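Breakdown of the fold
Here is how the chains run, residue by residue.
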Amino acid sequence: MANDDDRFAWHPEPDLLGFGDPSVRPTLERLGADAWATALDYLYDHAFDRAMGVPAGYEELRETFFGAADGPASAPTEPTTSTDLLAEFRERIAPHNLSAYHPRSLSYFTPPPLLMSVVGEILAQVTQQGVDVWHAGPVATFVEEEVLRWLCDLVGFGPGSFGLLTSGGVMANFLAMALARDVHLARLRGATTPPRGADLEGVRVYTSDQTHFSIGRALDELGFPPETLIVLPTDDRFRLHAEPVAETIAADRAAGLTPIAISAVAGSTNTGSVDRLEELADLAAREDLWFHVDAAYGAAARLSTRDADRVAGLERADSVTVDPHKWFYQAYDIGGLVVRDGSLLERTFGSRRPEYYRGGEAPTGRASDADADADADHDTPGQLNFYKLGFEGTRRWRALKLWMSWKHVGTDGFGRLVAGNIDQAALLARRCAESDDLEALPAEPELSVVCFRHLPGGRAAAERLTAADLDDHQDRLQAALEASGDGWLSTTRLRGATWLRAGIVNTQTTEADIDALLATLRRLATELP
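What comes next concerns the included structure. (Residues numbered from 1 in each chain as written. Predicted model: local features only at pLDDT ≥ 70, side-chain atom pairs only at ≥ 80, totals over all residues. Heavy atoms only, no water.)

The strands that make up a sheet are held in pairs by hydrogen bonds between backbone atoms, and each pair lies either parallel or antiparallel. Across the sheet, which stays open at both edges, the 4 strands sit in the order β8-β9-β11-β10 with antiparallel pairing between neighbours. Two strands in the sheet have a free side with no partner beyond their single neighbour: β8 (438–440) and β10 (490–494). The mean angle between the axes of side-by-side strands here comes to 40 degrees, regardless of whether they run parallel or antiparallel. As paired strands, β10 and strand β11 (residues 497–503) are joined by 5 bridges and run antiparallel to one another. Bridge assignment links Thr492 to a residue of β11, and that residue is Trp499. Packing of helix α13 (residues 399–434) onto the sheet brings it into contact with β8, β9 (449–454) and β11, and relative to β9 it is tilted by some 25 degrees. Seen against the sheet, helix α16 (residues 511–527) touches β8, β9 and β11 and runs at an angle of roughly 25 degrees to β9. (Pairing = 2+ DSSP bridges. Helix = DSSP H or I, 4+ residues; strand = E, 2+ residues; numbered from the N terminus. Axes fitted to C-alpha atoms, helices over the stretch in contact; angles between N-to-C directions. Contact = heavy atoms within 4.5 Å.)

Have a look at this one:
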């Protein structure tokens, strides 16, 4: 039905701009149907057909996308119809993506999102809630509060725990290191204000050679000197033990330095390794250190009753990073940090309270502008305002998709999906152990990451290759697989050598896909120049 509001008459589809009158609902329903059909066309015409779109190379795709302009075009000045825009998506965008949905797409931790997660994301965007101050997202605040309670329970934290959702593990790890600085270091130094500047010198944080780069980045951005982070070697399964940490702590204390934290990993990005959390928790307690665990990927193992012990000890941490957009099969983006003592979040981040974020009804009878700060601090008692708990002001409604997904499949359903991926990783490792032309490192995966190499001509023949030639073979094989579209693996470096890396967090993968992937790799290896 035509829109009678002539404010939008300049647009070919005025009903998509002025849609307050229910009479235009059929137009919006048509747009929704067209958009969903476009999404399904992407899934079945492209995503399930190829793991990587074509062309696969950076320069080739850049030329395909930008054309003769060889770079971004100017912003459009005239409107375009939704029909034309969806057609442009089909033609210019849809064929050229890395597919999370392809059953042999086993690359980074990018799962195919559960469809209920996609629905939750759509509804969150339509409702347009800001989960910063309560009034900007009233019920959205409660949904996030409930999801955080579920995550705290999953980790094993008690009633006093809390957290907040973030864009991902990088931001969650940043917040954790900020807590270690402003709460723990301040207490160790007997400071009444958060330490800054010279007070950050002589501090030490201990971690492993498998730790995510974001821990070091966080310490850099928080003002610590570069020597603050002490990176210690791991064992043959890429796990950090307490003994080398304890020895280093003793040496540092003897040198007059101040150890403040251990940052452990439960499911490293590189290998899926899980540090010896119980040992490290004991050490942190003895040495009075903040104990953070980056379980962005591995925390999801707790969803599986069978596999929960693979990440035993999470409950002993002071803070834990959890990334539901990894192994909870959520649409981007949703990460999170949970903290044993949830009150520490507001203590660290809640000191600055702008006037426009006043949480309750304004006080009356203010005598002068000198009371502005007091007004800004005025909140309804007990009101939850997430902007006080972290670094972000504007915060989108990340919780809804996880809330809907968790209700849709249940903890048991999540656990079945996670266990399936662990079984597929075990199968891949077993196939490597049974084969003369494959090897895995470590031989048995901790979770669902398998790092492996193809040995051209078999083990004996591969031993005659130089290390550089064997590394080059892995890179060329990965590139050939990518170009084929039949699967996708990343590569990594372990102990100075190049390995193929399968990060299996895919609900569409079957055991048959594992065998098909290996068959494809072997075929492609024979075709390499």
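After presenting the structure, the write-up continues.
Taking strand neighbours across the sheet as the criterion, the 7 strands line up as β1-β7-β6-β5-β4-β2-β3 in an open arrangement whose pairing is mixed. Looking along the sheet, the strands with just one partner apiece sit at the ends: β1 (162–166) and β3 (229–232). Geometrically, the sheet is characterised by an average inter-axis angle of 20 degrees between neighbouring strands, direction not taken into account. Bridging between β1 and strand β7 (residues 335–339) involves 5 bridges; their strand directions are antiparallel. Residue pairing across strands places Gly163 opposite Val338, the latter belonging to β7. Contacts from helix α7 (residues 213–221) reach β2 (203–208), β3, β4 (258–265) and β5 (290–294), with the element oriented near 165 degrees to β3.

Another aspect to go through is the side chain of Gln383. Residue position: Gln383 is located in the loop between α12 (372–376) and α13. The exposure class assigned to Gln383 is buried, which follows from its relative accessible area of 17%. One polar contact links Gln383 to Asn385, side chain to side chain, over a distance of 3.3 Å. (Buried < 20%, exposed > 50% of the residue type's maximum accessible area, 1.4 Å probe, protein only. Polar contact = N/O pair within 3.5 Å; in protein donor to acceptor, adjacent residues only side chain to side chain.)

So, about the packing of aromatic side chains. Enumeration over the complete set of coordinates arrives at 13 aromatic pairs. Here Tyr108 and Trp488 contribute two aromatic rings whose centre-to-centre distance is 5.5 Å and whose plane-to-plane angle is 55 degrees, an arrangement assigned as tilted. Linking Tyr108 in the loop between α3 (82–93) and α4 (115–127) with Trp488 in the loop between α15 (467–484) and β10, this pair joins segments that are 380 residues apart in sequence. With relative accessibility at 6%, the residue Trp488 sits in the buried group. With centroids separated by 5.7 Å and ring planes inclined at 70 degrees, the aromatic side chains of Phe328 and Phe414 adopt a geometry described as edge-to-face. Taken as a pair, Phe328 in the loop between α10 (324–327) and β7 and Phe414 in helix α13 lie far apart in primary sequence, 86 residues in all. By the ring-pair criterion, three or more aromatic residues cluster together here, those being Trp150, Phe328, Trp406 and Phe414. In this structure, Arg92 packs its charged tip against the face of Phe65, placed 4.1 Å from the ring centre. (Phe/Tyr/Trp six-rings, centres within 6.5 Å; stacked < 30°, edge-to-face > 60°. Lys NZ or Arg CZ within 6 Å of the ring centre and 35° of its normal.)

Nothing here speaks to function; it is all geometry.
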